[in-house]
Amino acid sequence: TLFRSRATGKELHGKNWSKLCKDCHVIDGKSVTTTDVDIVFSKVKAKSCRTITFDQFKECLQELARKRFKGKSKEEAIEEIYKLVEGKAPVIAGVTKTVSSPTVTRLTDVSKFTGSHKERFDPSGRGLGKAGREDLVDQSGYVPGYKHAGTYDKKVQGLFK
């Protein structure tokens with residue numbers, strides 16, 4: 001199987017054993033439950049260990065086969081449970097989904113940004129890059145935000161005419 005643990009790659013932790021049983025449908029919720037899987041794991045593993053070896057893994061499967069396939073002979077039950085586990089890989093469910101909630105949408109809407117954060121984006125919402133992060137020096141000689149910027153030359157020229 002492709003289920004591995006951080007131990008050495010040849011051993012299986014209880015958490016990974018339980019996940020394997022869920023992903024391979026060994027746990028059916030009726031004859032075999034998660035509790036049964038955990039009990040079999042604790043029964044088979046050594047007292048001081050937290051992992052099982054491959055031989056112990058096969059022993060666990062045989063134990064669960066008797067419980068899962070009660071109507072069949074021991075050999076048939078073991079064959080059936082091996083078919084369930086054979087060639088399966090871990091199931092990754094819901095890991096890559098992105099959350100789309102109104103709160104996240106509101107917080108990432110650049111049209112609602114204010115102050116210095118607003119200056120980092122153009123009207124369409126695209127970032128301005130370095131120009132949006134650096135203070136670009138205004139060489140006009142006027143204080144930023146002054147209403148009558150650029151009118152000094154007109155006033156001075158008007159006095160000397």
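Residues numbered from 1 in each chain as written. Predicted model: local features only at pLDDT ≥ 70, side-chain atom pairs only at ≥ 80, totals over all residues. Heavy atoms only, no water.

## Side note on the packing of helix H2 (residues 34-44) against helix H3 (residues 54-68)
To keep it simple, the criterion reads: The axes used here are C-alpha line fits, helices contributing only the stretch in contact, and every angle between their N-to-C directions lies in the interval 0 to 180 degrees. The helix and strand labels rest on DSSP assignments: H or I over at least four residues marks a helix, E over at least two residues marks a strand, and numbering proceeds from the N terminus. Oblique is the label for any angle not covered by the other classes, which are roughly parallel (under 35 degrees), roughly antiparallel (over 145) and roughly perpendicular (65 to 115). Should the near helix be turned counterclockwise from the far one by less than a right angle, the crossing is left-handed, whereas a clockwise turn marks it as right-handed. Here, residues are in contact when the closest pair of their heavy atoms is within 4.5 Å. Here the nonpolar group is Ala, Val, Leu, Ile, Met, Phe, Trp, Tyr, Cys and Pro; Asp, Glu, Lys and Arg are the charged ones; every other residue, Gly included, is treated as polar.
Where H2 meets H3, the axes come as close as 10 Å, and the angle between the chain directions of the two elements is 140°. One way to sum up the angle between H2 and H3 is to call them oblique. For the element pair H2 and H3, the recorded crossing hand is right-handed. Listed contacts from H3 to Asp36, Val37, Val40, Phe41, Lys43 and Val44 of H2 are Gln56, Glu59, Cys60, Glu63, Leu64 and Lys67. Its residues assigned to classes, the contact of H2 with H3 shows six nonpolar, one polar and five charged.

## Things to note about unusual backbone geometry
The residue His25 is not glycine, and still its phi comes out positive at about 60°. Following the sequence through the fold, His25 ends up in the loop between helix H1 (14-23) and H2.

## Remarks on the state of the cysteines
As a reminder, the rule being used: Only a pair of cysteine sulfur atoms within 2.5 Å qualifies as a disulfide here.
Under the definition given, this model contains zero disulfides. A disulfide-free cysteine, Cys60 has its sulfur positioned 8.0 Å from the sulfur of Cys21, the nearest such atom.

## As for H3
What counts is decided by this rule: Between the first and last residue of a helix there are one fewer steps than residues, each counted as 1.5 Å, and that sum is the expected span.
Under the 1.5 Å per step criterion, the end-to-end length of H3 is 20 Å for 15 residues, consistent within 8% with the ideal 21 Å. Where H3 is buried, its residues contact strand S1 (12-13), H1, H2, strand S2 (51-52) and helix H4 (74-85).

## As for the environment of Ile81
Residue placement: Ile81 occurs in helix H4. Residues Ile81 and Leu64 lie 17 residues apart in sequence; the distance between their C-alpha atoms is 8.1 Å. Apart from the residues within four sequence positions on either side, Ile81 is in contact with Val26, Leu61, Leu64, Ala65 and Phe69.

## Focus on the pattern of salt bridges
Rules: By convention in these notes, a salt bridge is any Lys or Arg side-chain nitrogen within 4 Å of a carboxyl oxygen on Asp or Glu. Only protein chains enter the area calculation, which uses a 1.4 Å probe; residues under 20% of their type maximum are buried, those over 50% are exposed, and those in between are partly exposed.
Taken as a whole, this structure holds six salt bridges when the rule is applied. The salt bridge involving Asp23 is made with Lys19; its shortest N-O contact spans 2.8 Å. One end of the pair, Asp23, and the other, Lys19, are both in helix H1, four residues apart, so they sit about a helical turn from each other. Across the salt bridge formed by Glu80 and Lys72, the nearest N and O atoms sit 3.6 Å from each other. Judged by relative accessible area, which is 26%, Glu80 ranks as partly exposed. Lys72 gets classed as partly exposed once you look at its relative accessible area, which sits at 37%.

## Let's talk about the packing of aromatic side chains
Applied cut-off: Any two rings among Phe, Tyr and Trp, with Trp reduced to its six-membered ring, count as a pair given centres within 6.5 Å; such a pair is stacked if its planes are under 30 degrees apart, edge-to-face if over 60, and tilted if neither.
Taken as a whole and assessed by the stated rule, the structure comprises four aromatic pairs. For the ring pair Tyr142 and Tyr146, a centre distance of 5.7 Å and an interplane angle of 10° mean the geometry is stacked. The rings of Trp17, Phe54 and Phe57 are connected pair by pair, giving a single aromatic cluster.

## A short note on the confidence of the model for the protein
Note the threshold: How sure the predictor is of each residue is captured by pLDDT, a score from 0 to 100.
When pLDDT is averaged along the protein, the result is 81; 84% of the residues meet or exceed 70. By mean pLDDT, the top-scoring element of the protein is H2 (92), and the lowest-scoring one is helix H7 (residues 130-133) (70).

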